[in-house]
Amino acid sequence: MVKINDIFTVEIEDTNIFANGICHIDGMVVFVEKALAGEKCEIKITDVHKKFAYAKKTNVGVSSKNRVEPICPVFNECGGCSFLHCDIDVENKIKENYIKSIFKKNDIDVNVEKISTPVSEKYRNKVVFFVENGKYGYLAGGTNKLVEHTKCILNDDVFEKIARYTVEFFKNAPLRAIYLRRTFVNKEIMVCPIFSRETDIVKYATNLVSQFDNIKTVLYSVCKDRDFALEKVKFKTIYGDGYINDELCGLKFRISPSSFYQVNPVCADLLYEKAIELANLDKEKICADLFCGTGTIGIICAKKTGATVYGVEINEDAVKDAKFNAKLNGITNISFEATDAKNFKKAVDVAIIDPPRKGCMPIMLETLLRLKPKRIVYVSCNAETLARDLKTLLLDYQIASPLYPFNMFPRTSHVESVVCLTQK
């Protein structure tokens, strides 16, 4: 029986989406942290469950030819990145194999295309740095422990410079975090320091604008809760109008602090173009963009195809941004409803859905089956919930396209994908 602190010598058989090596000991699956397929190593068991266990390497006898030296000094402490110990081609193959294995496990026959990875470094247009005792960085995975980090390869260099300046300026103030956004095309920057109590930041905002180019707006927030969800934080505008502006697929979008907007705009551009291609719309057709957020996909779809589009989103602030973005681009063939997607009742030819990681609630799947669109385009950031939802939809639908994976979050354990279904 495998027990905590047991030592074994094993050969790693495979690597999963979380960058854990997989091996078997006495019939039990063991996940070995950051081990790559083909490696022979000594491991120490750290956690045991009924059907699987976790382990860490204590000694490596044979390293994988795919292993590289991580270029990040806090790779092992931070937890934000999963795959810096192998090159991007190996990461892509692991992610492709992961998606294939999920669909095979669910007995769903689908052809998985080669993953698209247009950029793998400095792609993030949004970051939250946490601050503690004059240091800034990220919280180690699953903890409140700050890992100081001043040079993340996923971020634009200007984020680090603004963070350093902000921490120094507020060295005697109750600064908790620094929330930053930057648009890809216009290079506009939003700066949002977050404090544990009310703090005057007028002088900071004035100095910041003079120190850095492209500062479009400065906001701040007071958040006393130890743990906070960014989407629930309320911001007050100190400089500018509280928004930044970007372009995606040739259209303009206004982004507020709470707006959902893909963190990798280069990859998002490709993903949205593929989703619209799969929708196969024209001026005679009607499309529902469910879970539309600030209307990004629906607005692009309305502009490029001429179809009538209905955007449905439960978040009222997001709907306000969506309406503004449609007007900004002079698009009149799209309208928005601030309601739960399950309440949508209009007849449509195509439904585009882009749900959160937890996928569609059962009532949402029932809604899709009730609406009976001829075509469903499903954009997903979680292959497991995608496969789960497809098993329900395949009662009335069939897979009509390959599954197209997009490495929206290179070097992390996440992957995006899109697939098209048509009525049987």
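Quick caveat, the model's predicted, so the values are computed rather than measured. (Residues numbered from 1 in each chain as written. Predicted model: local features only at pLDDT ≥ 70, side-chain atom pairs only at ≥ 80, totals over all residues. Heavy atoms only, no water.)

**Quick word on the layout of surface pockets**
Quick reminder of the rule: Using a grid of 1 Å spacing that covers the protein atoms alone, one calls a set of points a cavity when a 1.4 Å probe fits there but cannot get out, and a pocket when the set is open and has protein on both sides within 12 Å along at least five of seven lines; lining residues are those with an atom within 4 Å of a point. Grid points are joined across faces, edges and corners, and a volume is the space filled by probe spheres set on the points. For helices the rule is a DSSP run of H or I covering at least 4 residues; for strands it is a run of E covering at least 2, with both sets numbered from the N terminus onward. Residues are grouped as follows: nonpolar covers Ala, Val, Leu, Ile, Met, Phe, Trp, Tyr, Cys and Pro; charged covers Asp, Glu, Lys and Arg; every other residue, Gly included, is treated as polar.
Of the voids in this model, the second largest pocket is the one considered here, and its volume is about 490 Å³. Contributing to the lining of the second largest pocket are 16 residues, with Asn16, Ile22, Phe31, Tyr98 and Ser101 lying nearest its centre. Contributions of two or more residues to the lining of the second largest pocket are made by strand 2 (14-15), strand 3 (20-25) and helix 2 (88-105). With 6 residues, the top contributor of residues to the lining of the second largest pocket is helix 2. Here the residues of the lining of the second largest pocket sort into 8 nonpolar, 5 polar and 3 charged.

**Topic: the sheet that holds strand 5 (residues 40-48)**
For clarity, the threshold we go by: Pairing between strands requires that DSSP locate at least two bridges from one strand to the other.
With mixed pairing, 6 strands are arranged side by side in an open sheet as 1-5-6-4-3-2. Two strands close off the open sheet at either side, each with one partner strand: strand 1 (7-11) and strand 2. Pairing of strand 2 with strand 3 involves 2 bridges; the strand directions are antiparallel. Counterpart to aspartate 14 in the pairing with strand 3 is isoleucine 22.

**Structural notes on the pattern of salt bridges**
Here is the rule: Here, a salt bridge means any side-chain nitrogen of Lys or Arg that lies within 4 Å of a carboxyl oxygen of Asp or Glu.
This model, assessed by the stated rule, comprises 17 salt bridges. The shortest N-O distance in the salt bridge between lysine 304 and glutamate 273 comes to 3.6 Å. Placement of the pair is lysine 304 in helix 6 (residues 296-305) and glutamate 273 in helix 5 (residues 265-279), with a sequence separation of 31 residues. Between aspartate 389 and arginine 388 there is a salt bridge, and its shortest N-O distance comes to 2.9 Å.

**Here's the deal with the sheet that holds strand 11 (residues 189-195)**
This is how the line gets drawn: Think of each axis as a best-fit line through the C-alpha atoms, taken over the contacting stretch in the case of a helix, with angles from 0 to 180 degrees between the N-to-C directions. In this description, contact between two residues means that some pair of their heavy atoms is separated by no more than 4.5 Å.
Sheet architecture is open: 7 strands sit in the order 9-8-7-10-11-12-13, paired in mixed fashion. With one partner strand each, in any of the chains shown, strand 9 (146-148) and strand 13 (236-239) form the two edges of the open sheet. Mean inter-strand twist for the sheet, computed between neighbouring axes without regard to direction, equals 35°. Seen against the sheet, helix 3 (residues 157-169) touches strand 7 (126-132), strand 8 (135-139), strand 10 (175-182), strand 11 and strand 12 (215-222) and runs at an angle of roughly 150° to strand 10. Docked against the sheet, helix 4 (residues 202-211) engages strand 11, strand 12 and strand 13, running at close to 155° with respect to strand 12.

**Things to note about the environment of leucine 278**
The residue leucine 278 is located in helix 5 in this model. Considering only alpha carbons, one finds leucine 278 and asparagine 155, 123 residues apart in sequence, at a separation of 32 Å.

**Considering the side chain of asparagine 407**
Put simply, the rule reads: For every residue, the accessible area obtained with a 1.4 Å probe (protein chains only) is divided by the maximum for its type, and the residue is called buried under 20%, exposed over 50%, and partly exposed between those limits. Polar contact is defined as a pair of N or O atoms within 3.5 Å, subject to the rule that within protein one atom must be able to donate a hydrogen and the other to accept it, and that residues adjacent in sequence are counted only when both atoms are side-chain atoms.
You can see asparagine 407 is positioned in the loop between strand 22 (404-406) and strand 23 (416-423). For asparagine 407, a relative accessible area of 0% translates into the label buried. Within the structure, asparagine 407 has its side chain in polar contact with the side chain of lysine 95 (distance 2.9 Å). Apart from the residues lying within four places of it in its own chain, the contact partners of asparagine 407 are Ile88, Glu91, Asn92, Lys95, Ile115, Ser116, Thr117, Asn264, Cys267 and His414.

**What about the pairing of strand 20 (residues 375-380)?**
Stated formally: Seen with its strands pointing away from the viewer, a crossover is right-handed if its path from the first strand over the helix to the second goes clockwise.
Counting buried positions along strand 20 yields 5 of 6 residues, so the element is predominantly enclosed. In the sheet, strand 19 (residues 350-353) pairs with strand 20 via 4 bridges, with the strands oriented parallel. Residue valine 350 lies in a different strand from strand 20, and its bridge partner there is arginine 375. Note on the crossover from strand 19 through helix 8 (residues 362-371) to strand 20: the handedness is right-handed. Direction of pairing for strand 20 relative to strand 23: antiparallel, over a ladder of 6 bridges. Directly across from serine 380, in strand 23, lies its bridge partner serine 417.

**Looking at the packing of helix 2 against helix 9 (residues 383-393)**
Note the following rule: In this scheme, roughly parallel covers angles under 35 degrees and roughly antiparallel covers those over 145, while 65 to 115 is roughly perpendicular and the rest are oblique. Less than a right angle of anticlockwise turn of the near helix away from the far helix marks a crossing as left-handed, whereas a clockwise turn marks it as right-handed.
Closest axis-to-axis distance for the helix 2/helix 9 pair is 9 Å, and the angle between their directions is 30°. As summarised for this structure, helix 2 and helix 9 are arranged roughly parallel, according to the angle between their axes. In terms of crossing hand, the pair formed by helix 2 and helix 9 is right-handed. Along the contact surface, helix 2 presents Tyr98, Ile99, Ile102 and Phe103, while helix 9 presents Ala383, Glu384, Leu386, Ala387 and Leu390.

**Thoughts on a nonpolar patch on the surface**
What counts is decided by this rule: Patches draw on residues past 30% relative accessible area with no salt bridge. Two like charges within 9 Å are joined, as are two nonpolar side chains (Val, Leu, Ile, Met, Phe, Trp, Tyr) within 5 Å. Residue exposure ignores everything except the shown protein chains as possible cover, and the areas themselves are Shrake-Rupley values with a 1.4 Å probe.
A cluster of nonpolar residues, Val202, Ile238 and Tyr239, forms a patch on the protein surface that exposes about 230 Å² of accessible area. On the secondary structure map, isoleucine 238 appears in strand 13. Note on isoleucine 238: relative accessible area 33%, which makes it partly exposed.

**Some points on the pairing of strand 17 (residues 308-313)**
Most of strand 17 is tucked away: 5 of the 6 residues are buried. In this structure, strand 16 (residues 286-290) lies alongside strand 17, joined through 5 bridges in parallel fashion. Paired with isoleucine 286 across the two strands is threonine 308, which belongs to strand 17. With helix 6 bridging strand 16 and its parallel neighbour strand 17, the resulting β-α-β unit is right-handed. Pairing of strand 17 with strand 18 (residues 334-338) involves 5 bridges; the strand directions are parallel. Paired with glycine 311 across the bridge in strand 18 is phenylalanine 336. As a crossover connection, the stretch from strand 17 through helix 7 (residues 316-328) into strand 18 is right-handed.

It is worth stressing that arrangement in space is one thing and function is another; only the former is reported here.
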